[in-house]
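Geometric and topological summary
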Amino acid sequence: MLAASASVWSQRSGSMLGIAAPLMTLALPLIDVCLSIGRRYLRNVPIFQGDRGHIHHMIVARGFTQRTAALIMYGVCVIAALLALMETFGGYQFHGLIIMHLLACW
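These numbers were taken from a predicted model, which means no experiment stands behind them. (Residues numbered from 1 in each chain as written. Predicted model: local features only at pLDDT ≥ 70, side-chain atom pairs only at ≥ 80, totals over all residues. Heavy atoms only, no water.)

1. Some points on the overall build of the protein
Rules: Segments assigned H or I by DSSP are reported as helices when at least four residues long, segments assigned E as strands when at least two residues long, and all are numbered from the N terminus. Any residue under 20% of the maximum accessible area for its type is buried, any over 50% is exposed, and the rest in between are partly exposed; the area is computed with a 1.4 Å probe on protein chains only. Residues count as neighbours in contact if any of their non-hydrogen atoms are within 4.5 Å of one another. Exposure was quantified through the Shrake-Rupley algorithm and a 1.4 Å probe, taking into account, for residues, occlusion by the shown protein chains and nothing else.
A tally of helices and strands in the protein yields 6 helices and 0 strands. Each helix (α) and strand (β) of the protein, taken in turn from the N terminus, gives the series α-α-α-α-α-α. Within the protein, the proportion of its 106 residues that are buried is 26%. Long-range contacts, defined as pairs at least 24 residues apart, comprise 50% of the intrachain contacts of the protein with a sequence gap of at least 6. When the accessible surface of the protein is totalled, it reaches about 7,200 Å², and 72% of it is carbon and sulfur.

What follows is the structure, encoded as structure tokens:
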């Protein structure tokens, strides 16, 4: 998905929208990493020290099973990837709307 969107966007333009499609595809892992680093920094804990504050652990703490938590996260990643595909192959008039929709869902 990343390689395909990178090749499509490299031929179209070098604008910020070319960066948005791969970022949308990786939205959940990037958010998890940023939250983890920020949380550890604010608590004065080494960044590479493990904790149980990741999105997966929070879903399990709410009473879901490991399998259900993984399926929820897969579903969120599929939705983000579909929005990235819509941005890549959809009409140009909908780019801002698609990005705003992804941000509103988070």
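Once you've had a look at it, read on.
2. Topic: the confidence of the model for the protein
In plain terms, the rule: As a per-residue measure, pLDDT tells how confident the predictor is, with possible values from 0 to 100.
Averaged over all residues, the pLDDT of the protein equals 79, while 64% of them reach at least 70. Put simply, helix α6 (residues 95-105) is where the protein has its lowest mean pLDDT, 62, and helix α4 (residues 55-61) is where it has its highest, 94.

3. Quick word on the side chain of Asp32
The condition is simple: Working convention for charge: Lys and Arg count positive, Asp and Glu count negative, and His plus the chain ends are omitted. Whenever Lys or Arg places a side-chain nitrogen within 4 Å of a carboxyl oxygen from Asp or Glu, that contact is recorded as a salt bridge. Counting of polar contacts relies on pairs of N or O atoms within 3.5 Å, with two restrictions inside protein: one atom must be capable of donating a hydrogen and the other of accepting it, and residues adjacent in sequence are counted only when both atoms are side-chain atoms.
Among the secondary structure elements, Asp32 is positioned in helix α3 (residues 27-42). Buried and unpaired, Asp32 has no salt bridge, with Arg39 as the nearest side chain of opposite charge at 5.7 Å. Polar contacts involving the side chain of Asp32 include one to the main-chain amide nitrogen of Ile55, which spans 3.3 Å. Every residue in contact with Asp32, bar those within four places of it in the chain, is listed here: His54 and Ile55.

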